[in-house]
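The residues making up each chain are set out below.
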4 protein chains.
Amino acid sequence: MPDRTGVWLIGARGSVATTAITGLLAMRSGLAGPDGCVTERLEVAPGALPGWDELVVGGHDLVDTPLEKKAEQLTAAGLLPAGLLPAIRDSLRAVEAGLRPVPAGRTQAETAARMAGDLREFRTRHGLSAVVVVNVASTEPPVADAPEHHDFDALVAALDEPGREVLPGSSLAAYAALSAGCPYVDFTPSTGIRLPALTGFARRQGLPYAGSDGKTGETLLRSVLAPMFAARALKVRSWSGTNLLGGGDGATLADPVKAAGKLESKARGLAALLGDDVTAPLHIDHVPDLGEQKTAWDHVSFEGFLGARMTLQFTWTGYDSALAAPLVLDLARLTAAAYRAGETGPLGQLAFFFKDPVGTDEHRFAEQARILTEWASSLGRPA
Amino acid sequence: MPDRTGVWLIGARGSVATTAITGLLAMRSGLAGPDGCVTERLEVAPGALPGWDELVVGGHDLVDTPLEKKAEQLTAAGLLPAGLLPAIRDSLRAVEAGLRPVPAGRTQAETAARMAGDLREFRTRHGLSAVVVVNVASTEPPVADAPEHHDFDALVAALDEPGREVLPGSSLAAYAALSAGCPYVDFTPSTGIRLPALTGFARRQGLPYAGSDGKTGETLLRSVLAPMFAARALKVRSWSGTNLLGGGDGATLADPVKAAGKLESKARGLAALLGDDVTAPLHIDHVPDLGEQKTAWDHVSFEGFLGARMTLQFTWTGYDSALAAPLVLDLARLTAAAYRAGETGPLGQLAFFFKDPVGTDEHRFAEQARILTEWASSLGRPA
Amino acid sequence: MPDRTGVWLIGARGSVATTAITGLLAMRSGLAGPDGCVTERLEVAPGALPGWDELVVGGHDLVDTPLEKKAEQLTAAGLLPAGLLPAIRDSLRAVEAGLRPVPAGRTQAETAARMAGDLREFRTRHGLSAVVVVNVASTEPPVADAPEHHDFDALVAALDEPGREVLPGSSLAAYAALSAGCPYVDFTPSTGIRLPALTGFARRQGLPYAGSDGKTGETLLRSVLAPMFAARALKVRSWSGTNLLGGGDGATLADPVKAAGKLESKARGLAALLGDDVTAPLHIDHVPDLGEQKTAWDHVSFEGFLGARMTLQFTWTGYDSALAAPLVLDLARLTAAAYRAGETGPLGQLAFFFKDPVGTDEHRFAEQARILTEWASSLGRPA
Amino acid sequence: MPDRTGVWLIGARGSVATTAITGLLAMRSGLAGPDGCVTERLEVAPGALPGWDELVVGGHDLVDTPLEKKAEQLTAAGLLPAGLLPAIRDSLRAVEAGLRPVPAGRTQAETAARMAGDLREFRTRHGLSAVVVVNVASTEPPVADAPEHHDFDALVAALDEPGREVLPGSSLAAYAALSAGCPYVDFTPSTGIRLPALTGFARRQGLPYAGSDGKTGETLLRSVLAPMFAARALKVRSWSGTNLLGGGDGATLADPVKAAGKLESKARGLAALLGDDVTAPLHIDHVPDLGEQKTAWDHVSFEGFLGARMTLQFTWTGYDSALAAPLVLDLARLTAAAYRAGETGPLGQLAFFFKDPVGTDEHRFAEQARILTEWASSLGRPA
């Protein structure tokens, strides 16, 4: 009997999760190829990564729109291919049956305990060797610092106070994941595991984690193009960006408070690549009629030999969820493999996937790709 | 007394050469920094590369417009900074004095002998340890194959036939350079040294060479962006490009026959990076009013997860000569260093600089940068 | 009983025709609004234009792919909305029943006679007060001049010679239309009615005609933007354009011979608007993966006060057939109304719709719109 | 002796004013043509407009950088042609001599009286038949409503209160202009004359006025393109814009409070053209390295036949002052002509020049051009 791995999605009914689930089922049925899945291109030892057939999907969500309904909406929006849904309806319903509402306890401790219980139940029911928890829920606003974020015992005590919300949702999910012995991946810019009390907990639990904020559009291009300017000794003076987002994240990010985290995450990368003296205005606009599409325009002004002034502009138009979903599946496979290989703490080797990578300062895309390739080729090999 | 190195430019009165010469003089006078010069960013052993003060410039050209006049035109075109020229006029006149008309012999052998004589005289007069010949002349049309191109002895015999032009100008310049014991760099897509009879001659003379076709705009971006699509498993379906060029090369490339070589050189890179099944229409238009500027627009259509169709467009607007000139100086320094280090044959390590690199099939920019960095750091070190 | 008008499409199974037919049926069934239909915005006297319910569609085509099959392809390509086809299948089959293959006579005269016969039969069968013939077939190459094109009697004689093809297909269709007493509209850049022998015939028959080459993308924008530069006394120096076309016309226009007519038609407009001294390179590329979409990029370089150099770039991405189809319906209605009103000869008032309008030199979009609006408001009014 | 007309610039040492003055002097000396000057293209009766030689320039400014120095900066920035300044230095100094600091009275009434005094002195000294006051000073933040803005007598009383600032600078300048019997033009989005108390005053003084906010870039294009979508019955769903500005106005508009007026002015036009249900996010960013250049990117998403989704993007790159300066001269000439012709109140006929025109709701560029042309042709003709 094959070794099976769980993928537990926080925000399992959203666009990214629904696309990932639908795509996984389509690949299994031979109805779609693995375009966009990076793990299919990596050279790994046989068996080092769980196969598509060996992944079992579950998840939490606050909303209760059925996956099938969401998939219909994404089909109408041109994101999922017409004709796919009828062919996988049965298997989609099977996944649906495994989803759970986010529990609501009297205290955050109680909520977390029930979430961890859902994870353990999922693992047991399917006989899974590991369950990787991936956060693909809506972006949260940045969270105010609190002493309990730095001290695990104080945190545990605060979680027990009725009515107190010492942790944002993403961090509570990370806490629950770690409590249940599950590796955690943050695909959003939300706080998640990035609090000292939680990263310390991960190490004590001997668990790996990865994040933050999947790199799928403008920042992907920035991490590819900025190193070019540096390598050619061209001096970037300004790098201006505008992002137009339709559904889903667009509505969330129209709220400037919630967008703050995203904008910080994007800005950090550019500063890391080019230094702090680059003028870099950046906007995210909600443009509902774009539907599932997003469009980014960047304008780069730079100086060359003898001060010659030149510019680069680009426009990137894509389906955010189609870019994100295969990476979610990739991250589940790679994090499961890291867990099997006994790795703990932040997985800097997965920086390739993130706008704001934990465990490393490397933002250059090509270098991130090289590190990923090398690390992946070592997986499943005797040390 | 310092070790001095010669840089001999074929096409020494053109825009690229004039910008390189002006910039070199400006850097020496402290009037300009090395923006755009890659060698200033490489970590090399002290003394491994000739310093800016140790370069002596000479060259051949068919036209006789004085450098000073050309520099005035480039200043009016916004390429050279206003106010620079008066400050370097004297040193520019000194370089002028060292330029030579392209000799015209009764046979190509005689022409080549006189060119080689000019190179030897230049080396002796200035006491140079090496003279690197760099071709920055106008692009030639592709040349028809001939048996003599494959057999050095037959070539030598053919060069002696009065009235026969067995070699195009760029190849005759390469032959002269090799005859005089000089390394050769081809910054253009012209044939240059790329004939079996000449590359064999280079090896027998124990000389290194580099080329072809400096990578300064659209192709630079392609070699940066195409690997991103590959690394992310995104399937490029078409990559369409249009180049608008003003002065200089624009007029030459308006002639479809002459443009053929350039278009081939550009296309080869894309096919090497993405495979042959990508639709890739490509145009070069001469738009005189753009002056020294060039603008490239590329439209990339690609497919992601579940066949989602997405696009990337970019517009690159730059001064071609401002992009090329510092690379010419970089190549002179690096090729001189390779010569000193005893390297011979094609310098694949310099692929970073070229659209159509000799000595390697590596077209991925980041990998080219890594190879260059590593090789440069080994220069001047004991083997 | 209402007055019914026929619309006879040359190329009735192509993308434009299929979209027009499908859309007409959808509007009639209340499944789609008239977005893109200009006649819905014009103020006309009640009854001056035939209503959507009063149009009856027929047509000729060389191919025999059923409309239903073509509509399925256009749905898969994202051009027609998913879900529309089942709702109009029956009425689509009814239209199908009225389409005819292009007849093949022993001489062109015989072919034309049979075409005219089809038109007369269509008019009689449906009791139509008029039949407007609209050419939406593939673009033909420019045609060589012949003496018969200038002399109607000579033309008639030449049409009778077996094996001789004195007229291209589009012109033969125009001849047949005129013979049958039908107004003729050319939506393509093909020769069509634009031969002196045929325009003279139209006048003698007392018939109106309109054309040429529907203005749906790049040229539409040019006819809007060029007058702005003129009105602001900004001096356009170059206007460079690239068109990427997927299916249908893209394949036809990939053939430089066939593209010649299109390129000429496009260039004429720009010269008329801005004069002859504007550098204006223009390309049409066939990029099959774009499917039914087309993308145009234009780069305009202009000069302002004190010679300041500035640029405008635009990228237009659209479904060619979705832009063309409503105009085809508009032209059928307006030309029918002109016919009813007794107008004959070239309908310069319809220049608004065309890249290369007959009967006028007016290329300025806003002025064309004003003329159309004024003319339409006079329709159906007592003179 | 010719009839001479004064042009009094509020903000006479800024980029726009300096470019206008320099250009006027260059045209007079035959060193530059009238590119960008609309009045040179209008058909007007001889003598209806003051000639370039008949304009005398004066002005107020808060700063005291000499015009010559400012012109040097604009030359270095590439806005003014190299070589021009030395040729007009003497006449530039003559203009310099006529500029005045903004006076500072104990009350706003006193300040205004001194400003009006400067205007009267200027008129008398040069024997001018009229002085047109044009505001080209920095954009002010929107101003809070006050009862005195609606009641001239109350306003006059409030102006007399020491320490009270009942009017923003632009409105005080308008009040002073009207007091001195001068027509007033607002080239900025500042409040200026647009207060009921002041427009009433203008009518009582029998003076014409024009404004507001010169239309030179993004809004110009919007007023050209939006009517195209309307005329073609294409339904615009969103129109997103980003403006990158370097010097001058960029710094002012980086302050969100000051930018508010500009953004409102821009948004009003789009709503007037396309209705209120178009999503229209709009940003102005200050990007200092762009110097005197501005770049706007707009992304328009629209729907056509059968709901087909399409897009238009454009990028406009220009020198703001080179676009504005000739319009300032045009407005001075046209407003002087209107004054001579006895026109009073808002000059809606000049909407062609403004983002947010007074005296009309017409925002369609072509229609504005038609109205201007017609009105201009009537100038100087017997009624």
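Reading the values: the criteria
- Residues numbered from 1 in each chain as written.
- Chains lettered and ligands numbered in written order.
- Predicted model: local features only at pLDDT ≥ 70, side-chain atom pairs only at ≥ 80, totals over all residues.
- Heavy atoms only, no water.
- UniProt positions renumbered as here; feature names shortened; annotations may be inferred.
- Contact = heavy atoms within 4.5 Å.
- Buried area = accessible area lost by both parts, 1.4 Å probe.
- Salt bridge = Lys/Arg side-chain N within 4 Å of Asp/Glu carboxyl O.
- Polar contact = N/O pair within 3.5 Å; in protein donor to acceptor, adjacent residues only side chain to side chain.
- Helix = DSSP H or I, 4+ residues; strand = E, 2+ residues; numbered from the N terminus.
- Nonpolar A, V, L, I, M, F, W, Y, C, P; charged D, E, K, R; others polar.
- Pairing = 2+ DSSP bridges.
- Least-squares fit on C-alpha atoms with pLDDT ≥ 70 in both.
- pLDDT = per-residue confidence, 0-100.
- Core = buried A, V, L, I, M, F, W, Y, C linked by side-chain atoms within 4.5 Å.
- Buried < 20%, exposed > 50% of the residue type's maximum accessible area, 1.4 Å probe, protein only.
- Patch = residues over 30% accessible without salt bridge, like charges linked within 9 Å, V, L, I, M, F, W, Y side chains within 5 Å.
- Areas by Shrake-Rupley, 256 points an atom, 1.4 Å probe, with all protein chains shown as cover.

Under the annotation held in an unreviewed UniProt entry, chain A carries the name Myo-inositol-1-phosphate synthase and is attributed to Amycolatopsis thermophila. As its UniProt record puts it under Sequence similarities (unreviewed entry), chain A is described as follows: "Belongs to the myo-inositol 1-phosphate synthase family."

Caption draft 1: Looking closely at the interface of chain C and chain B. Each partner contributes residues to the interface: chain C has 21 residues there, and chain B has 21 residues. Both sides together, the interface formed by chain C and chain B hides about 1,700 Å², and carbon and sulfur atoms give 58% of it. The three residues of chain C that bury the most area against chain B are His283(C), Asp289(C) and Trp297(C), which together make up 32% of that side's buried surface. Viewed at the interface, chain B and chain C are joined by 2 salt bridges. Between Arg309(B) and Asp289(C) there is a salt bridge; the shortest N-O distance is 2.4 Å. Our count for the contact surface shared by chain C and chain B stands at 12 residue pairs in polar contact (both at pLDDT 80 or more). At the level of elements, β7 (235–245), β8 (282–286), β9 (293–303) and β10 (309–319) of chain C are the ones that each hand at least two residues to the side of chain C that touches chain B. The dominant element in the side of chain C that touches chain B, judged by the number of residues it contributes, is β7(C), at 5 residues.

Caption draft 2: Just the interface of chain B and chain A, in detail. If you look at the interface, chain B gives 57 residues, while chain A gives 57 residues. Roughly 4,400 Å² is buried in total at the junction of chain B and chain A, and carbon and sulfur atoms are behind 69% of that figure. Contact with chain A buries surface across chain B, with Arg232(B), Phe305(B) and Leu306(B) losing the most and accounting together for 22% of the total. On the surface where chain B and chain A come into contact, there are 13 residue pairs in polar contact (both at pLDDT 80 or more). Listed by contribution, the elements that provide at least two residues to the side of chain B that touches chain A are α1 (15–28), α8 (218–231), β9 (293–303), β10 (309–319), α11 (320–340) and α12 (365–378) of chain B. Ranked by residue count, the leading element in the side of chain B that touches chain A is β10(B), at 11 residues. Split into classes, the residues belonging to the side of chain B that touches chain A amount to 39 nonpolar, 10 polar and 8 charged. One ladder, built from 7 bridges, connects strand β10 (residues 309–319) of chain A with β10(B); its direction is antiparallel. What sits directly across from Thr311(A), in β10(B), is Thr317(B).

Caption draft 3: Up close: the relation of the copies chain C and chain B. When chain C is brought onto chain B, the operation consists of a screw motion whose angular component is 180° and whose axial shift is 0.0 Å, with 0.0 Å RMSD remaining. The two molecules are tied by a two-fold rotation axis, judged by turn and shift. In terms of C-alpha distance to the rotation axis, chain C has Thr242(C) as its closest residue, with the C-alpha 3.6 Å off the axis. Residue by residue, 100% of the interface of chain C is reproduced at the interface of chain B, so both copies engage with the same surface.

Caption draft 4: The confidence of the model for chain A, seen in detail. For chain A, per-residue confidence averages 93 on the pLDDT scale, and residues scoring 70 or more make up 98% of the total. Predicted complex metrics record ipTM = 0.94 and pTM = 0.95.

Caption draft 5: Quick look at unusual backbone geometry. The omega torsion across Gly211(A) and Ser212(A) is -5°, close enough to zero to call that bond cis. As for its placement among the helices and strands, Ser212(A) is situated in the loop between β6 (208–211) and α8 (218–231). The phi angle at Asp213(B) is positive, at roughly 75°, despite the residue not being glycine. The topology assignment puts Asp213(B) in the loop between β6 (208–211) and α8. In the Ramachandran plot, Ala233(B) falls in the positive-phi region, its phi being about 60° despite a non-glycine side chain. Note that Ala233(B) resides in the loop between α8 and β7 (235–245).

Caption draft 6: Just the nonpolar core, in detail. Of all hydrophobic cores here, the largest spans 173 residues; its most connected members are Trp239(C) and Trp239(D). The next biggest cluster of nonpolar side chains, apart from the first, holds 172 residues, and it includes Ala45(B), Val132(B), Leu220(B) and Leu234(B).

Caption draft 7: Looking closely at the relation of the copies chain B and chain A. When chain B is fitted to chain A, the residual RMSD is 0.0 Å, and the transformation amounts to a turn of 180° plus an axial shift of 0.0 Å. When the interface residues of chain B are mapped onto chain A, 100% of them again fall at the interface, so both copies present the same face.

Caption draft 8: Focus on a nonpolar patch on the surface. Taken together, the side chains of Leu62(A), Val63(A) and Val102(A) make up a nonpolar region of the molecular surface, amounting to roughly 280 Å² of accessible area. We classify Leu62(A) as exposed; its relative accessible area is 77%.

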